[in-house]
Structures are given as C-alpha cells and as structure tokens.
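Summary of the model geometry
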Amino acid sequence: FVSPSRLNGNIEKEISLFIKEKDKKETLSRLDEMDYQKFTALFEEKGTAYFKKEYYACFFDEVNEILKKTKFFNSLSGLKHPRKILLTASSIEKDPVDLYKFVSVSQGVEYDKKGENAWAKRYACEVGGRRIGINPDPLIQQEFYKWVKANAYFAFKEDVNFKDIGQPVLCKPETKSISLK
C-alpha cells in the first residue's frame, strides 16, 4: 500500500475500523505500507518483477498528488503489475486529462504526452487554452462515456454494497455536529 509519507499509518487505522480484533494481526501481516519515495527507490532498484513476485496487488493512494512529480510518476507508470489499483478522491478535479493519465498508468501503458494530447483533442472541449468539459458532439460524448465505462470505476466507498461482492461491510463513521461560540 503506497501513499504520501504524511499518510503513513493511516491504512492500519482504516482497517481497524471494520475488521474484527482477532483478525487484525493476520490481515496487517499481509500488508506492506510505504511512501512514494520508498516505492520509487524499490522500483528503480528491483523493477516490476520484484513487485509481481512479492505483492498480489499494489494499491496507490492519493495518486493525484504525484501526477506532476516526474520521478514518482515515471516509476508508477513503469510498473507493469496486473493488479495495480490507483485510489484518489479527486481524479479530475483540475483537468479531465488526469483521467487519461490514471487509466494509462493503471493499465501499465507508458505515459505518452502525444497520446494524452490526441485523447484531449478528441474528447475535451477547450476554451481559451483551458479544458472545460467534454466535446459537445453527441457521438463523441457517447464514445467518451463508453471509454470511461470500460476503463474507470468511480464509487463513494460508503455506497458500495459489500455484501453483494462478498466482502465485509464497512462500519459507517459516526458523526455529530458541534457548534462553538
């Protein structure tokens, strides 16, 4: 489980919210947590073969934060793992092309600026040099939605029906509003 260094330790806290205490130790023993610096160093030293051999799946949290950090992004892009899972809560917050980057990277396709530009030219609507949405052509929109459906999955974690997919149900956090004067 790879995340920014400021979030190291959070995965254990998250797991503790929904797993039985007796199963916690075994579950955590199956998990390695590292930050992007450690992942990049390991990848540069040992390559994809190491990650395929050592890890059934590789999860990358807050991927949106490394899109502009070339060294980390290149390592993530270079990893060719069949179960590379990218997590973010803000996938296309700033630019719809970030979605293209996420899909390319998750599928093990080398990142390519020309491919990105071709994708953006086809699907994005640009005004004054800024991408503001998808192409207004209904046929292009249909093609875009088909591409998204085939390549990306979006879900709010509390909306997933875990029983239907044979997974333990997540406990909903209890919240209460408090006003301070």
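Residues numbered from 1 in each chain as written. Predicted model: local features only at pLDDT ≥ 70, side-chain atom pairs only at ≥ 80, totals over all residues. Heavy atoms only, no water.

**Observations concerning the packing of helix 6 (residues 113-123) against helix 7 (residues 138-151)**
Counted only if it meets this: For helices, the fitted line uses only the C-alpha atoms of the stretch in contact; every axis is such a line through C-alpha atoms, and the angle between N-to-C directions lies from 0 to 180 degrees. Secondary structure counts use DSSP, requiring at least four H or I residues in a row for a helix and at least two E residues in a row for a strand, with both numbered from the N terminus. Roughly parallel means an angle under 35 degrees; roughly antiparallel, over 145; roughly perpendicular, 65 to 115; everything else is oblique. Residue contacts follow a heavy-atom distance rule, with two residues in contact if any of their heavy atoms lie within 4.5 Å. For this classification, Asp, Glu, Lys and Arg are treated as charged, while Ala, Val, Leu, Ile, Met, Phe, Trp, Tyr, Cys and Pro are nonpolar and the rest, including Gly, are polar.
At a minimum axis separation of 10 Å, helix 6 and helix 7 run at an interaxial angle of 130 degrees. Here helix 6 lies oblique to helix 7, going by the angle between them. Counting all contacts with helix 6, which are made through Trp 119, Arg 122 and Tyr 123, the residues of helix 7 involved are Ile 140, Glu 143, Phe 144 and Trp 147. A breakdown of the residues in the contact of helix 6 with helix 7 according to their chemical character gives 5 nonpolar, no polar and 2 charged.

**Focus: the nonpolar core**
Filter applied, for reference: Here, nonpolar core refers to any group of buried Ala, Val, Leu, Ile, Met, Phe, Trp, Tyr and Cys residues whose side-chain atoms link them within 4.5 Å. In this scheme, a residue with accessible area under 20% of its type's maximum is buried, one over 50% is exposed, and one in between is partly exposed, where area comes from a 1.4 Å probe on protein chains only.
Counting residues in each nonpolar core, the largest one holds 20 residues, and the members touching the most others are Phe 39, Phe 51, Phe 60, Val 63 and Leu 76. Ranked by residues supplied to this core, first place goes to helix 3 (residues 36-54) with 5 residues. Not counting chain neighbours up to four residues away, the residues in contact with Phe 60 comprise Val 2, Tyr 36, Phe 39, Leu 76, Leu 79, Lys 84, Ile 85, Leu 86 and Leu 87. If you look at the next biggest cluster of nonpolar residues, it comprises 12 residues, including Leu 99, Tyr 100, Ala 120 and Phe 144.

**Quick notes on the packing of helix 5 (residues 97-106) against helix 7**
Note the cut-off: In this scheme the crossing of two helices becomes right-handed for a clockwise turn of the near helix relative to the far one and left-handed for an anticlockwise turn of less than a right angle.
The contact between helix 5 and helix 7 brings their axes to 11 Å, and the two run at 40 degrees. In terms of orientation, helix 5 and helix 7 fall into the oblique class. Crossing angle aside, the handedness with which helix 5 passes helix 7 is left-handed. Counting all contacts with helix 5, which are made through Leu 99, Tyr 100 and Val 103, the residues of helix 7 involved are Phe 144, Trp 147, Val 148 and Asn 151.

**Concerning the confidence of the model for the protein chain**
This is how the line gets drawn: pLDDT is a residue-level measure of predictor confidence that goes from 0 to 100.
In the predicted model, the protein chain carries a mean pLDDT of 82, and 83% of its residues have values of at least 70. Taken element by element, the predicted model of the protein chain shows its lowest mean pLDDT in strand 6 (residues 130-134) (81) and its highest in helix 3 (93).

**So, helix 7**
Short version of the rule: To estimate how far a helix should reach, multiply one less than its number of residues by 1.5 Å. In this description, one arc is meant: the one made by directions from the helix axis to the C-beta atoms. Polar contact is defined as a pair of N or O atoms within 3.5 Å, subject to the rule that within protein one atom must be able to donate a hydrogen and the other to accept it, and that residues adjacent in sequence are counted only when both atoms are side-chain atoms.
If you check helix 7, its first and last C-alpha atoms are 20 Å apart, about what 14 residues at 1.5 Å a residue would give, namely 20 Å. Those residues of helix 7 not exposed but buried are Ile 140, Phe 144, Trp 147 and Val 148. The arc that holds every buried residue of helix 7, seen down its axis, measures 95 degrees, which confines them to one face. What points out from helix 7, more than 90 degrees from its buried face, is the exposed set Pro 138, Leu 139, Gln 142, Lys 146, Lys 149 and Ala 150. On its buried face, helix 7 is in contact with helix 5, helix 6 and strand 6. The N-capping residue of helix 7, defined by a side-chain oxygen 2.7 Å from the backbone nitrogen of Leu 139, is Asp 137.

**A short note on empty space enclosed by the protein**
Stated precisely, the cut-off is as follows: The way it works is a 1 Å grid over only the protein atoms, where trapped points that fit a 1.4 Å probe form a cavity and open points with protein on both sides within 12 Å along at least five of seven lines form a pocket, and then any residue with an atom within 4 Å of a point lines it. Grid points are joined across faces, edges and corners, and a volume is the space filled by probe spheres set on the points.
Counted according to the given criterion, the structure contains 1 cavity of 30 Å³ or more. When its volume is computed, the largest cavity comes out at roughly 50 Å³. Contributing to the lining of the largest cavity are Phe 1, Val 2, Asp 32, Met 34, Phe 39, Phe 51, Tyr 55, Ala 57, Cys 58, Phe 59 and Phe 60. Of all the secondary-structure elements, those providing two or more residues to the lining of the largest cavity are helix 3 and strand 3 (58-61). Among the elements that take part in the lining of the largest cavity, strand 3 stands out by supplying 3 residues, more than any other. Class assignment of the residues belonging to the lining of the largest cavity gives a composition of 10 nonpolar, no polar and 1 charged.

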